[in-house]
Amino acid sequence: MSSQDPISGDRPDAPTDGYDAVVAGAGFAGLYLLHRLRSLGLAVRLLEAGDGVGGTWYWNRYPGARCDVESIEYSYSFSEELQQEWEWTERFAAQPEILRYLNHVADRFDLRPSIEFGTRVAAASFDEAASRWLITTQAGAVLSARYFIMATGCLSAARKPALPGLESFAGRKWHTGDWPTDGVDFTGQRVGVIGTGSSAVQAIPIIAAQARELTVFQRTANFQIPARNAPLDPEFVREIKAGYPQFRDRARHARGGTVRVLHPESALQVSPELRRERYQRLWDKGGADILGSFSDLLTNAGSNATLAEFFRAKVHQIVRDRQAAELLCGQDYPLGAKRMCLGTDFYETFNRENVRLVSLRAEPIEEITAAGLRTATRLYELDSLVLATGFDAMTGALLSPDIRGRAGRPLRAAWHDGPVTYLGLAAAGFPNFFFITGPGSPSVISNMVVSIEQHVDWVADLLAYLDKEGLTEAEATEPAAQAWTDHVNQVASRTLYPQAKSWYTGANVPGKPRIFMPYVGGVGEFRRRCDEVAENGYTGFVLR
Ligand code: FAD
Ligand code: NAP
């Protein structure tokens, strides 16, 4: 380690001339990246803000947290031994099980010695003369590395809205994305939940069963599909495992990174009876497969309306209170244009005596007081407040540290009008700096583990290529990044996605530039394009 690294002395294994790579984040992405880069023989240090591995599954411990992609698919495929030996217990694993899995991965591949926990990256700057990154931690230590890679997650910067008086609340309050490790007991409490997104949909039924009284504050109604979670059938698991590599390969080339039947016809091409029968069958099956019931649900407003109508009829069947049912059906965007929520007994919960639904459209929040939440209409007295208010998604964690590239240019300045990336993994003016599942990649529109593995493999292959060719730098060009970002937006504009004021567009964070961030062209198509770039000698990059 060079003399500019004041903490090298703390690390017995620190190389004298600095690390090959510093990685930030120890979730699904960072762990696999660490494994891949070490396998290339690189000296890697991983810095993780939390005190353990797991990322999303380390922080989001709220009641009911579980995956919405089936566990047999929401898991790593890079090791046949790992996928054969690990036994998922449920169709959609709960947070503790996913966290156990990621801890198992960290142990199985002996990753911990390369990880520094409780260490947040605060800044990073590219030293052009030395062609090295200097990475500064919040505690003031500096590490030097040839490559700096952010595996800091799309949904890791929890967003607490600036509600007047929030700090004056005398009761207990939590954000779902920063939940205490020893859990929360709501027994006998008057609880308020702000938000009705995926986190809230999972937490609400469980909090309702515990609390004396639960008030749900809804600003925008969401679409919830039943998960129909259940223990996994051992026979089904045996079948999957018998052909796991082939099964995984299908996911890698599928649109959403999951093996799902995608019916090719339009919802408007078939009879209302056939349409209804298909929707009913997939509603009964549970999970997000219903989005594949017709090919144009996310491109044709008329088709989309048929499924939204089906959902709303279900809500009216389930929820006895007509006013509550109407509020739960008040979505102002096409179904699926915001991430669909998977839940268990979410709508049913509004039939409970101890649960009430408040529309923040009808009575906006005025302030939080010591006693509770005051809307334009009245004060709701609360003992506990749960903020299920989401994340500064996709760019929040990337822009939180002060990252400076060529000529000291801050990433925050480069992305002032919204992120401009090449393939969602690199930015022009930031040589040897990469991010995993960044804006411009399928990421949050897909089974993220599949997208993470694709990005990690691609970056690792690039670094191996540089070494093989005796090159030291890779930098995305400005025109390539701009063209890719324009393409991402063009593809999105042919769909219904941009019609929702969602975190996909930055609309959930006041003042954030509005740009559609994920690539909705499909996981398989994205992989094909990335492979093409690599096969043609990394077009769109300057290699030095
Ligand atoms: P993360 O898991 O977010 O890990 C990033 C890590 O980086 C964190 O540990 C964080 O502490 C660390 N970090 C951030 N900034 C810094 C810094 N400056 N310095 C050091 N460390 C830093 N996706 C799906 O496909 N299917 C699902 O079912 C699904 N369920 C989800 C459920 C919840 C509750 C949430 C919030 C998200 C879910 N997602 C799901 C998306 C999920 O984020 C990804 O699937 C995946 O876990 C992301 O892994 P990651 O490693 O990229 O990021
Ligand atoms: P989210 O989808 O962004 O939902 C946040 C909720 O809080 C919305 O209902 C939002 O209302 C509300 N809200 C935010 N600020 C508010 C304010 N100032 N006043 C009132 N209401 C406010 O966040 P999330 O539920 O945490 O989910 C984020 C993403 O994480 C999901 O889309 C999904 O990708 C992932 N996730 C997945 C699962 C899973 O099932 N596996 C579970 C949790 C999360 P508006 O809509 O009006 O803004």
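Note that the structure is a prediction, hence the values are computed from the model and not measured.

Let's shift gears to the sheet that holds strand β12 (residues 355-359). Within the open sheet, the five strands sit side by side as β7-β16-β8-β9-β12. Their pairing is parallel. Bordering the open sheet on either side are β7 (172-175) and β12, each of which pairs with just one other strand. Sheet twist, expressed as the mean angle between neighbouring strand axes with direction ignored, is 15°.

All chains considered together, the criterion is met by 35 salt bridges. Ionic pairing is found between R339 and D68, a salt bridge with its closest N-O pair at 2.9 Å. In this pair, R339 is assigned in the loop between α10 (322-328) and β11 (341-343) and D68 in the loop between α2 (56-59) and α3 (80-85), connecting sequence segments 271 residues apart. Notably, a salt bridge pairs R528 with E525, separated by 2.9 Å at the nearest N-O pair. You can see R528 and its partner E525 sitting in helix α16 (residues 523-535), three residues apart, about one turn around the helix. Note on R528: relative accessible area 40%, which makes it partly exposed. Looking at E525, the relative accessible area reads 26%, which means it is partly exposed. Taken together, the salt bridges that share partners define one network made up of E128, R406, E473, E475 and R544.

Attention now goes to unusual backbone geometry. Phi is positive for L423, which is not a glycine, with a value near 60°. Turning to its location among the elements, L423 is positioned in the loop between α13 (411-414) and β18 (433-435). Looking at L423, the relative accessible area reads 2%, which means it is buried. A positive phi angle, near 25°, is found at S443, a position not held by glycine.

Turning our eyes to something else, we now look at the domain arrangement of the protein chain. Each domain of the protein chain was delimited in the assignment, giving domain 1 (15-157 + 393-543) and domain 2 (159-222 + 340-390). Taken together, the 14 residues of domain 1 in the interface contact 16 residues of domain 2. Counting the surface lost from both domain 1 and domain 2, the interface buries some 1300 Å², and carbon and sulfur atoms represent 55% of this. On the domain 1 side of the interface with domain 2, the three residues burying the most area are R61, Y62 and P63, jointly 44% of the side's total. Taken together, domain 1 and domain 2 are joined by zero salt bridges. If you look at where domain 1 meets domain 2, you find five residue pairs in polar contact (both at pLDDT 80 or more).

So, on to the site of ligand 2. The full set close to ligand 2 counts 24 residues, and R66, T196, S199, R219 and T220 are the nearest of them. With respect to ligand 2, the side chain of K338 contributes an N or O atom lying 2.9 Å from an oxygen atom. Note that an oxygen atom of ligand 2 is positioned 3.2 Å from one of the backbone N or O atoms of A388. In the complex, the protein chains occlude 88% of the 910 Å² of accessible area that ligand 2 would expose alone. Top element by residues in the shell around ligand 2 is helix α5 (residues 198-210). It accounts for three residues. Looking at side-chain class alone, the shell around ligand 2 contains nine nonpolar, nine polar and six charged residues. Composition of the shell around ligand 2 by domain shows at least three residues from each of domain 1 (15-157 + 393-543) and domain 2 (159-222 + 340-390).

A separate point is the site of ligand 1. Taken together, 33 residues are adjacent to ligand 1, and E48, T56, D68, Y74 and M448 come closest. For ligand 1, an oxygen atom lies 2.9 Å from a polar atom in the backbone of A29. Within the complex, 95% of the 980 Å² of free accessible area of ligand 1 lies under protein. Elements represented by at least two residues in the shell around ligand 1 include exactly α1 (28-39), α2 and α14 (448-468).

With that out of the way, let us pick up the packing of aromatic side chains. Under the defined criterion, the tally for this structure stands at 44 aromatic pairs. Judged by centre distance (5.1 Å) and plane angle (65°), the rings of F28 and Y76 are edge-to-face. Here Y76 lies in the loop between α2 and α3 and F28 lies in helix α1, a separation of 48 residues in the sequence. With respect to burial, F28 and Y76 carry one shared label: buried. Relative to W88, the ring of W86 has its centre 5.7 Å away and its plane inclined at 65°; by these criteria the two rings are edge-to-face. Accessibility expressed as a relative area gives 15% for W86, which makes it buried. Residue class for W88 comes out buried when judged on its relative accessible area of 9%. Taken together, the ring pairs in this structure connect F28, Y32, W57, Y74, Y76, F78, W86, W88, Y101 and F109 into an aromatic cluster. Positioned over the ring face of Y333 is K338, at 5.0 Å from the centre of the ring. Its end group placed over the ring of Y380, R378 keeps NZ or CZ at 4.1 Å from the ring centre.

What follows deals with α5. Its maximal kink placed at I204, α5 deviates by approximately 35°, while the proline P205 follows within four residues. Among the residues making up α5, those that are buried are S199, A200, V201, Q202, A203, I204, P205, I207 and A208.

This part takes up the packing of helix α7 (residues 244-253) against α16. Between α7 and α16, the least distance of the axes is 6 Å, while the angle of their chain directions is 85°. Classified by the angle between their axes, α7 and α16 sit roughly perpendicular to one another. Contacts between α7 and α16 involve A251, R252 and H253 on the former and, on the latter, V523, G524 and R527. Looking at the contact of α7 with α16 residue by residue, the class counts come to two nonpolar, two polar and two charged.

In this structure, F28, L37, Y76, I290, F311, F434 and F541 are the most contacted members of the largest nonpolar core, which totals 106 residues. When residues of this core are assigned to their parent elements, the largest contribution, 10 residues, is made by α14. Residues contacting F28, with those up to four places away along its chain left out, are W57, Y74, S75, Y76, I98, Y101, L102, V449 and I452. The next biggest cluster of nonpolar side chains, apart from the first, holds 31 residues, and it includes V191, L214, Y347 and A388.

Rules of the game
Residues numbered from 1 in each chain as written. Chains lettered and ligands numbered in written order. Predicted model: local features only at pLDDT ≥ 70, side-chain atom pairs only at ≥ 80, totals over all residues. Heavy atoms only, no water. Pairing = 2+ DSSP bridges. Helix = DSSP H or I, 4+ residues; strand = E, 2+ residues; numbered from the N terminus. Axes fitted to C-alpha atoms, helices over the stretch in contact; angles between N-to-C directions. Salt bridge = Lys/Arg side-chain N within 4 Å of Asp/Glu carboxyl O. Buried < 20%, exposed > 50% of the residue type's maximum accessible area, 1.4 Å probe, protein only. Domains from an automatic or database assignment. Contact = heavy atoms within 4.5 Å. Buried area = accessible area lost by both parts, 1.4 Å probe. Polar contact = N/O pair within 3.5 Å; in protein donor to acceptor, adjacent residues only side chain to side chain. Near = heavy atom within 4 Å. Areas by Shrake-Rupley, 256 points an atom, 1.4 Å probe, with all protein chains shown as cover. Nonpolar A, V, L, I, M, F, W, Y, C, P; charged D, E, K, R; others polar. Phe/Tyr/Trp six-rings, centres within 6.5 Å; stacked < 30°, edge-to-face > 60°. Lys NZ or Arg CZ within 6 Å of the ring centre and 35° of its normal. Bend = angle between axes of the 7 residues up to and from the residue. Parallel < 35°, antiparallel > 145°, perpendicular 65-115°, else oblique. Core = buried A, V, L, I, M, F, W, Y, C linked by side-chain atoms within 4.5 Å.

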